[in-house]
Amino acid sequence: MDPFDAGAGGLLRQPKAVWATAGASVVAFMGIGLVDPILPSIAQGLDATAGQVSLLFTSYFLITAFAMLVTGFVSSRIGGRRTLLLGLALVVVFAGLAGTSDTVGQLVGYRAGWGLGNALFVSTALAVIVGAAAGGSAAAILLYESALGLGMACGPLLGALLGDASWRYPFFGTAALMAIGFLGITAFLKEQPKPARRTSLLDPLRALGHGGLASAAVSAFFYNYTFFTVLAFTPFVLDMTPYASGAVFFAWGLLLAVFSVLVAPRLQRRFGSLKVLGGSLLLLAADVLVLGYGGHATAVACTILSGAFIGVNNTVYTELALGVSDAPRPVASAGYNFVRWFAAAAAPFFAPRIEEWTDIHVPFVVAAVTAVLGAVVVAVRREALTHDAAEPEPRHAAEDGVTVSAN
């Protein structure tokens with residue numbers, strides 16, 4: 001089945017609840033790249049160093065990683081809809097507070113609270129979309145990746161447009177957009193019965209006992225270090241105005257969206273998921289290495305080009321995490337994300353410090369090495385990562401800890 005077929009079960013023919021959740025997901029992912037074009041402005045406005053400002057990413061993703069152990073615990077007790085609304089409410093509050101910060105310490109703290117809300121929302125949103133989408137898990141994953149790509153593309157653009165007047169405005173803008181998402185979920189997503197089995201705090205860790213899921217998580221850990229070196233450290237290297245930096249990362253996000261939704265599935269059908277993933281990781285390694293040693297124009301081009309490889313990787317990793325083990329999807333996703341988000345927290349912290357200890361090229365050498373390590377894990381653990389490529393038998397959403405009305 002072609003997931004883009006507009007007929008029944010196609011990507012474009014989905015229940016209102018799915019579209020409302022996907023729309024709010026776009027805004028949630030916008031929050032990740034929102035600060036990219038205004039990082040230098042934040043540093044200047046709060047009299048902070050690049051290393052201090054990079055903690056905006058570190059605090060956000062460190063809390064997000066640990067929150068992955070909590071999301072299933074919470075959603076299996078209060079239901080998917082209430083968990084989504086709780087996450088959105090926390091983002092609205094902490095994004096708004098971030099715009100009022102007077103010190104970089106306050107801003108870092110508010111971003112941590114923002115990360116908690118985003119973790120509750122994003123992890124539950126994937127389960128909601130997979131459980132409610134017409135067309136099975138393939139269409140659901142593509143829809144989720146579409147939201148991710150669109151959000152990652154629009155985040156830097158919104159940050160540049162609002163941040164040109166003041167670095168505070170993007171935070172207020174995100175709070176307003178997430179409030180709209182809150183209203184959309186309230187209106188279109190019906191109340192859900194609680195699942196028959198509650199998820200414990202240790203279930204995601206137990207799920208990592210599966211060799212395939214653990215291998216996917218470790219490989220994604222190395223890949224995410226590369227990914228977030230590009231996202232969090234490159235703006236300081238490019239040293240451009242908010243508008244120019246926003247334009248670069250908007251183009252980067254567009255490539256990410258196109259390759260995750262349109263290109264990755266076609267490559268997978270032709271070459272197989274693991275070959276595509278290994279090849280894309282090696283190409284990403286080469287790209288960031290050239291980025292680190294090239295001139296300014298080359299760095300801009302390589303930054304944009306990296307979006308293509310990141311888009312392919314995101315789609316393949318998501319499918320592996322959801323399908324390689326027999327754990328319920330939210331539990332498998334939580335365990336996988338618990339591991340990989342630690343790299344998203346580590347890269348923004350270490351990259352500027354590695355530059356201080358060495359020079360501006362070495363952080364990209366490290367990022368290239370981690371991408372290669374991700375590919376090595378895929379190659380070495382190929383047997384454990386191989387799973388049935390056929391569409392799995394439909395599961396009741398309640399088994400995954402979430403039930404959605406197809407209204």
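Residues numbered from 1 in each chain as written. Predicted model: local features only at pLDDT ≥ 70, side-chain atom pairs only at ≥ 80, totals over all residues. Heavy atoms only, no water.

K.L.:
What exactly am I supposed to notice about empty space enclosed by the protein here?
P.N.:
Taking a probe equal in size to a water molecule and rolling it over the atoms shows the remaining empty space. By the definition in use, this model includes 3 cavities of 30 Å³ or more. Considered as a void within the structure, the largest cavity measures approximately 290 Å³ in volume. Residue lining of the largest cavity: 25 residues in total, with Tyr144, Leu148, Asn337, Arg340 and Trp341 positioned closest to the centre. At the level of secondary structure, the elements contributing two or more residues to the lining of the largest cavity comprise helix H1 (16-33), helix H6 (104-132), helix H7 (136-163), helix H10 (211-238), helix H13 (296-323) and helix H14 (329-357). (1 Å grid on protein atoms, 1.4 Å probe; cavity = no way out; pocket = protein on both sides within 12 Å on 5 of 7 lines; lining within 4 Å. Points joined across faces, edges and corners; volume = space filled by probe spheres on them. Helix = DSSP H or I, 4+ residues; strand = E, 2+ residues; numbered from the N terminus.)

K.L.:
How should I be thinking about the pattern of salt bridges in this particular structure?
P.N.:
Side chains that differ in sign of charge can pair as their charged atoms come close. Counted under the stated rule, the structure contains 1 salt bridge. Between Arg206 and Asp203 there is a salt bridge, with the nearest N and O atoms lying 2.9 Å from each other. Linking Arg206 with Asp203, this pair stays in helix H9 (residues 203-207), spanning 3 residues, or about one helical turn. Exposure remark for Arg206: the relative accessible area of 54% places this residue in the exposed category. (Salt bridge = Lys/Arg side-chain N within 4 Å of Asp/Glu carboxyl O. Buried < 20%, exposed > 50% of the residue type's maximum accessible area, 1.4 Å probe, protein only.)

K.L.:
What is the right way to look at the nonpolar core in this model?
P.N.:
Across soluble globular proteins, nonpolar side chains show a tendency to be buried alongside one another. Core analysis: the largest hydrophobic core is formed by 121 residues, its most contacted members being Ile42, Phe61, Phe171, Phe228, Leu231 and Trp252. Setting aside residues no more than four positions away along its own chain, Ile42 makes contact with Asp47, Val53, Leu56, Leu107, Trp167 and Phe171. (Core = buried A, V, L, I, M, F, W, Y, C linked by side-chain atoms within 4.5 Å. Contact = heavy atoms within 4.5 Å.)

K.L.:
Sorry, what's going on with the packing of H10 against helix H15 (residues 362-380) here?
P.N.:
Interhelical geometry of H10 versus H15 gives an angle of 160° and a closest axis separation of 8 Å. Here H15 runs roughly antiparallel to H10, going by the angle between their axes. Relative to H15, H10 is oriented so that their crossing is left-handed. Here Ser215, Val218, Ser219, Phe222, Tyr223, Tyr225, Thr226, Thr229, Phe233, Thr234 and Val237 of H10 lie close against H15, whose contacting residues are Pro363, Phe364, Val366, Ala367, Thr370, Ala371, Leu373, Gly374, Val377 and Val378. Residues of the contact of H10 with H15, tallied by class, amount to 14 nonpolar, 7 polar and no charged. (Axes fitted to C-alpha atoms, helices over the stretch in contact; angles between N-to-C directions. Parallel < 35°, antiparallel > 145°, perpendicular 65-115°, else oblique. Left-handed = near helix turned anticlockwise from the far one by under 90°. Nonpolar A, V, L, I, M, F, W, Y, C, P; charged D, E, K, R; others polar.)

K.L.:
Where do I start with the environment of Ile180 in this structure?
P.N.:
Mapped onto the elements of the fold, Ile180 is located in helix H8 (residues 169-188). By relative accessible area, which is 55% here, Ile180 ends up exposed.

K.L.:
Where do I start with the packing of helix H5 (residues 80-98) against H8 in this structure?
P.N.:
A pair of packed helices can be characterised by two numbers: the angle between their axes and the separation between those axes. Running from N to C, H5 and H8 point in directions that differ by 160°, and their axes come no closer than 8 Å. As far as their axial angle goes, H8 and H5 are roughly antiparallel. The way H5 lies across H8 gives a crossing that is left-handed. Contacts between H5 and H8 pair Arg81, Leu84, Leu85, Leu88, Ala89, Val91, Val92, Ala95, Gly96 and Ala98 from the former with Phe171, Phe172, Thr174, Ala175, Met178, Ala179, Gly181, Phe182, Ile185 and Thr186 from the latter. Looking at the contact of H5 with H8 residue by residue, the classes come out as 15 nonpolar, 4 polar and 1 charged.

K.L.:
For this particular structure, what's the right way to read the environment of Ala24?
P.N.:
Here Ala24 lies in helix H1. Separated by 127 residues in the primary sequence, Ala24 and Gly151 place their C-alpha atoms 9.6 Å from one another. Ignoring sequence-local partners within four residues, the contact set of Ala24 consists of Leu88, Phe121, Met178, Gly181 and Ile185.

K.L.:
For this particular structure, what's the right way to read H1?
P.N.:
Every α-helix carries 3.6 residues per turn, so stepping three or four residues along brings you back to the same face. Taking 1.5 Å of rise per residue, 18 residues should cover 26 Å, and H1 covers 27 Å from first to last C-alpha, within 8% of that figure. Buried residues dominate H1, accounting for 15 of its 18 residues. (Expected span 1.5 Å × (residues − 1).)

K.L.:
What exactly am I supposed to notice about the packing of aromatic side chains here?
P.N.:
Remark: the centre distance and the inter-plane angle together describe each pair of aromatic rings, the angle taken between the planes. This structure, assessed with the given rule, holds 18 aromatic pairs. Each member of the aromatic cluster is reached from another via a ring pair, and the members are Tyr60, Phe61, Trp114, Trp167, Phe171, Tyr223, Phe227, Phe228, Phe249, Trp252, Tyr317 and Trp341. Here the guanidinium or amino end of Arg111 rests over the ring plane of Trp114, the centre of that ring lying 4.8 Å away. Seen from the ring of Trp341, Arg340 lies directly overhead, with NZ or CZ sitting 4.2 Å from the centre. (Phe/Tyr/Trp six-rings, centres within 6.5 Å; stacked < 30°, edge-to-face > 60°. Lys NZ or Arg CZ within 6 Å of the ring centre and 35° of its normal.)

K.L.:
Help me understand unusual backbone geometry in this model?
P.N.:
The phi angle of most residues is negative, glycine excepted, and most peptide bonds adopt the trans form. The backbone phi angle of Asp47 is positive, close to 50°, even though this residue is not glycine. Its place among the elements puts Asp47 in the loop between helix H2 (39-45) and helix H3 (50-53). Its identity is not glycine, yet Asp239 carries a phi of approximately 50°, on the positive side. As for its position among the elements, Asp239 is in the loop between H10 and helix H11 (242-271). You can call Asp239 exposed: its relative accessible area is 62%.

K.L.:
Before we go on, may I ask you to explain the side chain of Thr370 in this structure?
P.N.:
Tracing the backbone through its elements, the reader meets Thr370 in helix H15. Among residues more than four places away in sequence, those in contact with Thr370 are Phe222, Tyr223, Tyr225 and Thr226.

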